[in-house]
Amino acid sequence: MGKTYERIDGRLRTFIEAQPLFFTATAPLSGDGTVNLSPKGLAGSFVVLDELTVAYLDFAGSTAETIAHLRENGRITLMWCAFQGPPNIVRVHGRGEPVFRDDRRFQELVGRFPAIDPAQHGLRAVIVVTAETVRDSCGYAVPFMAYEEDRDLHGRRFAREDDASLDAYFTKKEHIATSLDGLPGLPLPLPPSTV
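Predicted model, so just to flag it, every value in this text is computed and none were measured. (Residues numbered from 1 in each chain as written. Predicted model: local features only at pLDDT ≥ 70, side-chain atom pairs only at ≥ 80, totals over all residues. Heavy atoms only, no water.)

Examining the environment of Asp103
- Relative to the helices and strands, Asp103 resides in the loop between β7 (89-100) and α3 (106-110).
- The sequence separation of Asp103 and Thr171 amounts to 68 residues, and the corresponding C-alpha distance is 20 Å.
- A distance of 2.8 Å separates a polar side-chain atom of Asp103 from the backbone nitrogen of Arg105. (Helix = DSSP H or I, 4+ residues; strand = E, 2+ residues; numbered from the N terminus. Polar contact = N/O pair within 3.5 Å; in protein donor to acceptor, adjacent residues only side chain to side chain.)

Thoughts on the nonpolar core
- With 33 residues, the main nonpolar core has Leu78 and Trp80 as its most contacted residues.
- Listed by contribution, the elements that provide at least two residues to this core are α1 (10-18), β4 (46-50), β5 (53-58), α2 (65-72), β6 (75-81), β7, β8 (125-137) and α5 (163-172).
- With five residues, β8 is the largest single contributor of residues to this core.
- Ignoring sequence-local partners within four residues, the contact set of Leu78 consists of Phe22, Phe23, Thr24, Val54, Tyr56, Val90, Arg91, Val92 and Val129.
- Counting 15 residues, the second-largest nonpolar core is a separate cluster that includes Val47, Leu49, Ala55 and Val128. (Core = buried A, V, L, I, M, F, W, Y, C linked by side-chain atoms within 4.5 Å. Buried < 20%, exposed > 50% of the residue type's maximum accessible area, 1.4 Å probe, protein only. Contact = heavy atoms within 4.5 Å.)

A look at the pairing of strand β2 (residues 22-26)
- Side chains of β2 alternate between two faces, with Phe22, Thr24 and Thr26 buried and Phe23 and Ala25 left unburied.
- Both β2 and strand β3 (residues 36-40) contribute to a ladder of five bridges, which runs antiparallel. Each bridged residue has a counterpart across the sheet, and for Thr26 the counterpart in β3 is Asn36.
- Inspection of the sheet shows β2 paired to β6 by three bridges, in the antiparallel sense. Across the sheet, residue Thr24 finds its bridge partner in β6, namely Leu78. (Pairing = 2+ DSSP bridges.)

Here we look at α2
- A large share of α2 lies buried, amounting to six of its eight residues.
- Along α2, the residues classified as buried are Glu65, Thr66, Ile67, Ala68, His69 and Leu70.
- Buried positions along α2 lie against β2, β3, β5, β6, β7 and β8.
- Phi for Gly74, located one or two positions after α2, is positive at around 80°.

In structure tokens form, the structure reads like this:
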């Protein structure tokens, strides 16, 4: 049923780039820590950088669990599944790194996402993932669902923020600077945006 691949190319790349939704899974090293699973969307916020590297834009949200887990141990799994067309599930198991606004690579990475205006979404970081294992599986039990369009609520909510108000928003949220399990999350104060 499933197969392991050495790289993200051809059919696999075409499939994951066409999906409007994917999921990220991370966990702390602690055996009793909180496992995090997050849906990710917004057209244009995910790219394949090369055959073993992908990236996505990390926008303002209610927690920073993925960032905290990546800062602690780097482990991450990304998953895409076909809700339309032939059944398919693709997982990329790998090592992830949050690239923050004050990192010299940040501006160049953001330039790899030309279809989206990061200023409208409270961009916190670019998450870069290096694949260690790439697998697909059948997806026979995944239901058919139709994609209509992206919601505009996130962009409308965060487009009105500037760097100072965004930093204030992150500072007052309970699990942004520190994860649910007390791990360091998003570094605050938020560095000014360079994009």
